[in-house]
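Next come the chains, spelled out residue by residue.
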Amino acid sequence: MDRSDIESFAVDKIRECLRRCDLLDANNINIGDKEPSWDGFVYLYKNKNHSKCNIEKRLPVQVKGTEQEDLSKKQINFNVEKSDLQNYYNDGGAIFFVVYIKDYDNYKIYYETLTKIKLHGYLRICEKNNYASISITLTELPRQNLDEVTDVFTNFSKDYNQNLPKKDYTLEEILNNGIKEYKRFKVSYHGVAYKKNPMNYFMTHPTTIYIESDGDGPDIAVAVGQLASIGQKQNLPVYIRDIKYYEKFQTEETVSEGKMFFGNSFVITFDKIKRKINFHWQIKGNLTQRITDTTFLLSFFHSSEFSIGGQKMTFPIQEGKITKKDIDYYEQNLRFLKAVKDLLDFFGVKKELDYDSVTNKDEETLLFLIDQVFNKKKYKNNQKEAIVLQAVKVANISFLIEIIRVSEDECEIRNFFKENFNIIYTSKDDSLISFTASPLLMLQEEQFFEFSNIDYDVLYNSLLNTKLTPEFLEYFILYTLSMLKAYDRQIEKDSEILNCLLKVYDYLLTKDSENELYKLNRLQIIKRQRNLSETEKKDLFKIIETTEMKPNKTAAFLLYGDLLQAKYYYEQLTQDEQTMFDSYPINIFWKNND
C-alpha cells in the first residue's frame with residue numbers, strides 16, 4: 001500500500017468499527033490531512049436517536065496507519081510530535097488512533113485517550129529534555145465488544161477539557177498535605193459495559209483521579225491510575241441475634257476477590273472466580289478490641305451466623321474444625337482479658353493497652369497483680385519501708401502501684417491514689433522547713449510524663465485539704481511547674497494535666513487574687529490550650545505596667561507574643577535569674593508562639 005492507501009484504510013476501519021456503536025457517529029473523520037493535528041470528530045449521542053438535540057459531545061480524533069507484520073501486541077508505542085500534543089492540550093484533549101495493517105484482511109486498532117493531564121505530563125518531558133516528539137503508549141481497541149468501544153468515548157467525554165491544579169502535585173503530597181478547598185478524591189464511570197459493576201472498570205482501566213471541591217468550584221484532575229483495589233466504609237451494624245457488636249464494617253475489592261472487614265479480627269473473603277465464600281479470624285488489637293472480638297467469636301461458635309447491615313450470613317461450623325478444646329481456649333482467654341481490664345480499671349489506667357505488644361513476661365506480671373489484688377494474697381517481701389511506690393510497665397503503658405508492708409515479711413499491693421493519709425515533708429537543707437500534705441506531692445516530673453494512672457481529681461482534692469502555708473506554697477508552685485514540663489514532653493498530650501492545673505490556679509487565685517505568679521502560670525496553661533482572649537491579654541498588660549519584677553515582666557511579654565520586648569527584659573536579668581528562667585516551662589514560648 002502507498003501512503004494514501006494506508007491512511008484511507010485506517011480511517012475506513014475506524015469508521016467501520018465505530019459505526020456499529022449505537023451512540024457514536026464517525027462520519028466526520030476525514031480521509032487525508034484536511035486540518036493540522038486532527039482528522040476530524042466523533043459525535044457522541046445521548047441515545048440511539050442521532051438528532052442535533054441529542055448530541056452529548058463532539059470529540060476530536062487523530063488517526064494514523066502503519067504497515068506491520070506483528071499483530072500480537074496488546075499495547076504499542078507510537079511517536080507523536082510535540083506540536084501536535086500542544087494543540088491537543090490547548091483544545092482540551094483528543095483520542096489518538098493507530099491502525100496496524102498486515103494486509104487488507106488483517107489489522108489491529110490501538111487507541112489512547114489523550115486527556116489534558118496526560119498531555120501535560122508528555123509536554124513536561126518534552127520541555128525538560130528539549131524533545132521535538134515523544135513516544136506514547138496505545139492499547140488495543142476491544143472492537144469485538146462494542147460496549148467497551150463506546151466506553152472509550154463516554155468516559156473521555158467526561159475527562160475532556162479537564163481542570164488541572166495550578167502546580168504539579170504527587171498523590172503522596174496530596175494525601176499528606178491536601179490542596180486548599182479540595183478535600184475528597186473522586187473517580188467516576190460514565191459507560192455502559194461496566195454499568196452493573198463499575199468498580200471492575202476502575203481496576204482494569206486507567207482512570208482519572210480527581211479532587212472534588214468542597215464548594216461550587218470545579219473538580220481538579222490530579223492523576224491517572226489503574227486502581228489495584230477499592231475500599232469503602234459502610235456505616236451498617238453487625239449483630240448476632242439481637243446483640244450489636246460493631247457499628248460499621250469495611251469492604252475491599254480487587255478484580256478476583258472481595259473482602260469484608262469488621263471488628264479488628266474478622267474478614268469475609270469472596271473468591272469471584274471460584275464463587276467461594278469464607279470467614280476468617282485472628283484475634284488481635286488492643287485490650288478492648290480483643291475482648292469485643294473474642295466475645296463475638298464465642299457467640300458465633302454457638303450460633304454459626306451473624307448479620308451485617310441486616311443481611312444474615314451463615315457459616316456452618318464443620319465437625320472437627322472447631323473443637324471443644326478451641327472453645328475452652330477462647331473462653332479462658334476471654335476471662336483473662338476481662339481480668340486484665342478489671343486490674344487496669346482498679347489502678348485507674350486511662351490509656352488503652354496495646355495488647356499486640358504484650359510479651360510473655362508482661363502477661364506474667366499481669367497474672368501476678370491479678371492474683372494479689374483480686375485474690376487478696378499477701379506476698380513475701382523484705383522491704384523495710386512502710387510504703388513503697390513501684391512503677392509497673394506492660395507493653396505501651398506504665399502505671400504506679402503502692403506496696404504496703406503489713407508485717408515483717410509480707411506486703412499488700414494497693415492503688416496509691418485511693419489511699420487517704422498525709423505525710424510530713426521536710427527540706428533537704430538546714431532550714432528545717434516542713435509541712436504536712438498528701439503523699440501525692442511525692443510525684444515528680446518523670447512520673448507525670450510516664451504514668452497512665454495518675455488521678456488528677458484526687459490530686460486537686462488533696463490541695464483543697466492542705467493548709468496553704470508559705471512553706472507548702474513555695475513547694476507546690478514548683479510541683480505544678482514540673483507537671484507542665486511533663487505535659488510539654490508528651491507526644492500524646494494528656495489534657496487532664498492542664499485541666500487539673502487550671503483548676504488549681506483558679507483555686508489559688510480565690511485565696512490571693514492579685515498574685516502575679518498565679519496569674520502568669522494560669523495564663524501559660526491557657527495558652528497551651530488555645531489563643532489568649534482580649535481580656536486575658538489585658539491582664540498581661542496590667543502585669544507589665546505594674547510589676548517591679550523583671551522575670552515577671554519577661555514572662556508577661558513572652559505570653560503576649562512580643563518576643564522583642566521579652567528578650568529585652570530577659571537580657572536585663574542576672575545570670576542566676578536567666579538560668580532560673582530557662583528552667584521554667586514558660587521557656588517553651590520562645591519558639592512556640594503564634
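Just above, that's the structure.
Because the structure is a prediction, the values reported are computed rather than measured.

Student: Is there a simple way to think about the sheet that holds strand E12 (residues 238-240) in this case?
Tutor: One open sheet accounts for four strands, arranged E13-E12-E18-E19; its pairing is antiparallel. Each edge of the sheet is formed by a strand with only one pairing partner; in this case those strands are strand E13 (243-246) and strand E19 (311-314). For this sheet, the mean inter-axis angle between neighbouring strands, taken without regard to orientation, is 35°. The pairing of strand E18 (residues 305-308) with E19 spans four bridges and is classified as antiparallel. The residue of E19 that forms the bridge with Ser307 is Lys312.

Student: I'm lost on the sheet that holds strand E14 (residues 249-253) in this one. Help?
Tutor: Pairing between sheet strands relies on hydrogen bonds along the backbone, with the strands arranged either parallel or antiparallel. The strand order E11-E14-E15-E16-E17 describes an open sheet built from five strands, whose pairing is antiparallel. Only two strands of the sheet have a single partner each, and these edge strands are strand E11 (230-234) and strand E17 (276-281). If you compare each strand with its neighbour and ignore which way they point, the axes differ by 15° on average. Of the strand pairs in this sheet, strand E15 (residues 257-262) and strand E16 (residues 266-271) are connected by six bridges, and their pairing is antiparallel. When the bridges of E16 are listed, Glu257 appears paired with Asp271. Packed on one face of the sheet, helix H7 (residues 287-303) meets E15, E16 and E17 and runs near 130° to E17.

Student: Would you mind going over the pairing of E13 with me for this structure?
Tutor: Residues in a regular strand project their side chains so that they alternate between the two faces of the sheet. As judged from the three bridges shared by E12 and E13, these two strands associate in the antiparallel manner. The residue bridging Tyr239 from the neighbouring strand is Lys244, located in E13. What sits between E12 and E13 in their antiparallel hairpin is a turn of two residues, with Arg241 showing a positive phi close to 55°.

Student: What is the right way to look at the side chain of Thr251 in this model?
Tutor: By the element assignment, Thr251 lies in strand E14. Ignoring any residue separated from it by four or fewer positions in sequence, one finds Thr251 in contact with Ile230, Gly231, Gln232, Lys259 and Met260.

Student: Got a minute to help me understand the packing of aromatic side chains in this structure?
Tutor: Working definition: an aromatic ring pair is given by the centre-to-centre distance plus the angle between the planes. Summed over the entire model, instances satisfying the criterion amount to 47 aromatic pairs. Clustering of aromatic rings is evident, with ring pairs tying together Tyr245, Tyr246, Phe262, Phe266, Phe279, Trp281, Phe296, Phe300, Phe301, Phe306, Tyr329 and Tyr330. Residue placement shows Arg489 over the ring face of Phe449; its charged tip is 4.1 Å from the ring centre. Seen from the ring of Tyr569, Lys553 lies directly overhead, with NZ or CZ sitting 5.4 Å from the centre.

Student: Would you mind going over the pattern of salt bridges with me for this structure?
Tutor: Once the charged atoms of two side chains with opposite charge are near each other, the side chains can pair. Taken as a whole, this structure holds 24 salt bridges when the rule is applied. Across the pair Lys74 and Glu140 runs a salt bridge, and its minimum N-O distance is 3.6 Å. Here the residue Lys74 occupies a position in the loop between strand E3 (55-67) and strand E4 (75-81), and Glu140 occupies one in strand E7 (residues 133-140), the gap between them amounting to 66 residues. With relative accessibility at 59%, the residue Lys74 sits in the exposed group. Across the salt bridge formed by Arg290 and Asp356, the nearest N and O atoms sit 2.7 Å from each other.

Student: Looking at this structure, I do not really get helix H2 (residues 82-91). What am I missing?
Tutor: Residues spaced three or four apart along an α-helix face the same direction, because each turn holds 3.6 residues. Buried residues of H2: Asp84, Leu85 and Tyr88, and no others. One side of H2 carries all its buried residues, which in axial view fall inside an arc of 100°. Those residues of H2 that are buried are in contact with E3, E4, strand E5 (94-101), strand E6 (107-114), helix H3 (116-129) and E7. Of the residues one or two after H2, Gly92 is the one with positive phi, at around 105°.

Student: Any chance you could explain the layout of surface pockets here in plain terms?
Tutor: In this approach, a probe sized like a water molecule rolls over the atoms, and the result shows the empty space that is left. Size it by volume and the second largest pocket reaches roughly 590 Å³. Lining of the second largest pocket is provided by 30 residues; of these, Tyr111, Thr113, Tyr201, His205 and Pro206 occupy positions nearest its centre. Counting residues per element, the ones that place at least two in the lining of the second largest pocket are E6, H3, E7, helix H4 (146-159), helix H6 (198-204) and strand E9 (207-213). It is H4 that contributes the most residues to the lining of the second largest pocket, six residues altogether. Class assignment of the residues belonging to the lining of the second largest pocket gives a composition of 11 nonpolar, 13 polar and six charged.

Student: Before we go on, may I ask you to explain the nonpolar core in this structure?
Tutor: Note on soluble globular proteins: their nonpolar side chains tend to be buried together. If you look at the biggest cluster of nonpolar residues, it comprises 55 residues, and the most contacted ones within it are Leu443, Phe448, Tyr479, Met483, Val504 and Leu508. Among the secondary structure elements, those contributing two or more residues to this core are helix H11 (456-464), helix H12 (470-489), helix H13 (495-511), helix H14 (516-529), helix H15 (534-546), helix H16 (550-560) and helix H17 (563-570). Contact partners of Met483, with chain neighbours within four places excluded, come to Phe448, Tyr456, Ile497, Cys500 and Leu501.

Student: How should the packing of H15 against H16 be read in this particular structure?
Tutor: Relative orientation and spacing of two packed helices are given, respectively, by the angle between their axes and the distance between those axes. Contact geometry for H15 and H16: axes closest at 9 Å, N-to-C directions at 155°. As far as their axial angle goes, H16 and H15 are roughly antiparallel. Here H15 runs over H16; the crossing is left-handed. Listed contacts from H16 to Lys537, Leu540, Phe541, Ile543 and Ile544 of H15 are Asn552, Lys553, Ala556, Phe557, Leu559 and Tyr560. Its residues assigned to classes, the contact of H15 with H16 shows eight nonpolar, one polar and two charged.

Procedures and definitions
- Residues numbered from 1 in each chain as written.
- Predicted model: local features only at pLDDT ≥ 70, side-chain atom pairs only at ≥ 80, totals over all residues.
- Heavy atoms only, no water.
- Pairing = 2+ DSSP bridges.
- Helix = DSSP H or I, 4+ residues; strand = E, 2+ residues; numbered from the N terminus.
- Axes fitted to C-alpha atoms, helices over the stretch in contact; angles between N-to-C directions.
- Contact = heavy atoms within 4.5 Å.
- Phe/Tyr/Trp six-rings, centres within 6.5 Å; stacked < 30°, edge-to-face > 60°.
- Lys NZ or Arg CZ within 6 Å of the ring centre and 35° of its normal.
- Salt bridge = Lys/Arg side-chain N within 4 Å of Asp/Glu carboxyl O.
- Buried < 20%, exposed > 50% of the residue type's maximum accessible area, 1.4 Å probe, protein only.
- Arc of directions from axis to C-beta.
- 1 Å grid on protein atoms, 1.4 Å probe; cavity = no way out; pocket = protein on both sides within 12 Å on 5 of 7 lines; lining within 4 Å.
- Points joined across faces, edges and corners; volume = space filled by probe spheres on them.
- Nonpolar A, V, L, I, M, F, W, Y, C, P; charged D, E, K, R; others polar.
- Core = buried A, V, L, I, M, F, W, Y, C linked by side-chain atoms within 4.5 Å.
- Parallel < 35°, antiparallel > 145°, perpendicular 65-115°, else oblique.
- Left-handed = near helix turned anticlockwise from the far one by under 90°.

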